[in-house]
Amino acid sequence: MNFAPFEKLMTEKEAAAILGMSSDTIQRIRKRGEIGFRRIGGRFKYTMSDLAEYLENQRVAPCQKTENSAKSRASGYRSAPARPSGTQLGSIPIPDKHDALRLAQTIFSAPK
């Protein structure tokens, strides 16, 4: 981080306006340690290099799209065929509302 000794110092309000956010948001970002600042006389000041560094750290690189990668086949993306679950239709009983009520009563009843 190169700080020119005579670089203009901005208040939180001015820095927030440049970044297009509220003063409260830039305060939260500062408290999380995501943006550089200077503390002068109990006030927080920012430079353009602090804002530029914060913006660069927020950059998300675009992902490379690959066709039918191993990850997409394993996780079941639309481009990959669905994997069989290993169970046949109807092999797992579906509880009705009475079973659900009895289970809830068992779980939430006072201990004996």
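(A) Geometry of the pattern of salt bridges. Tallied over the entire structure, the rule returns five salt bridges. Between Arg 102 and Asp 99 there is a salt bridge whose closest N-O contact spans 2.4 Å. Linking Arg 102 with Asp 99, this pair stays in helix α5 (residues 97-108), spanning three residues, or about one helical turn. What makes Asp 99 partly exposed here is its relative accessible area of 35%.

(B) Seen up close, the packing of helix α1 (residues 12-19) against helix α2 (residues 23-31). Running from N to C, α1 and α2 cross one another at 100°; their axes reach a closest spacing of 8 Å. Here α1 lies roughly perpendicular to α2, going by the angle between them. Residue-level inspection shows Glu 12, Lys 13, Ala 15, Ala 16 and Leu 19 of α1 in contact with α2, the latter providing Ser 23, Ile 26, Gln 27 and Arg 30.

(C) Fine view of the packing of α1 against helix α3 (residues 48-57). At a minimum axis distance of 11 Å, the contact between α1 and α3 shows a crossing angle of 45°. Judged by the inter-axis angle, α1 sits oblique to α3. Regarding α1 and α3, the two cross each other, and that crossing is right-handed. Of the residues in α3, those in contact with Ala 15, Ile 18 and Leu 19 of α1 are Met 48, Leu 51, Tyr 54 and Leu 55.

(D) View of the packing of aromatic side chains. Under the definition given, this model contains one aromatic pair. Ring geometry for Phe 37 versus Phe 44: centroids 5.3 Å apart, planes at 75°, classification edge-to-face. In this structure, Arg 30 packs its charged tip against the face of Phe 37, placed 5.9 Å from the ring centre. Above the plane of the ring of Phe 44 lies Arg 30, whose end atom (NZ or CZ) is 3.5 Å from the centre.

Conventions used here
- Residues numbered from 1 in each chain as written.
- Predicted model: local features only at pLDDT ≥ 70, side-chain atom pairs only at ≥ 80, totals over all residues.
- Heavy atoms only, no water.
- Salt bridge = Lys/Arg side-chain N within 4 Å of Asp/Glu carboxyl O.
- Helix = DSSP H or I, 4+ residues; strand = E, 2+ residues; numbered from the N terminus.
- Buried < 20%, exposed > 50% of the residue type's maximum accessible area, 1.4 Å probe, protein only.
- Axes fitted to C-alpha atoms, helices over the stretch in contact; angles between N-to-C directions.
- Parallel < 35°, antiparallel > 145°, perpendicular 65-115°, else oblique.
- Contact = heavy atoms within 4.5 Å.
- Left-handed = near helix turned anticlockwise from the far one by under 90°.
- Phe/Tyr/Trp six-rings, centres within 6.5 Å; stacked < 30°, edge-to-face > 60°.
- Lys NZ or Arg CZ within 6 Å of the ring centre and 35° of its normal.

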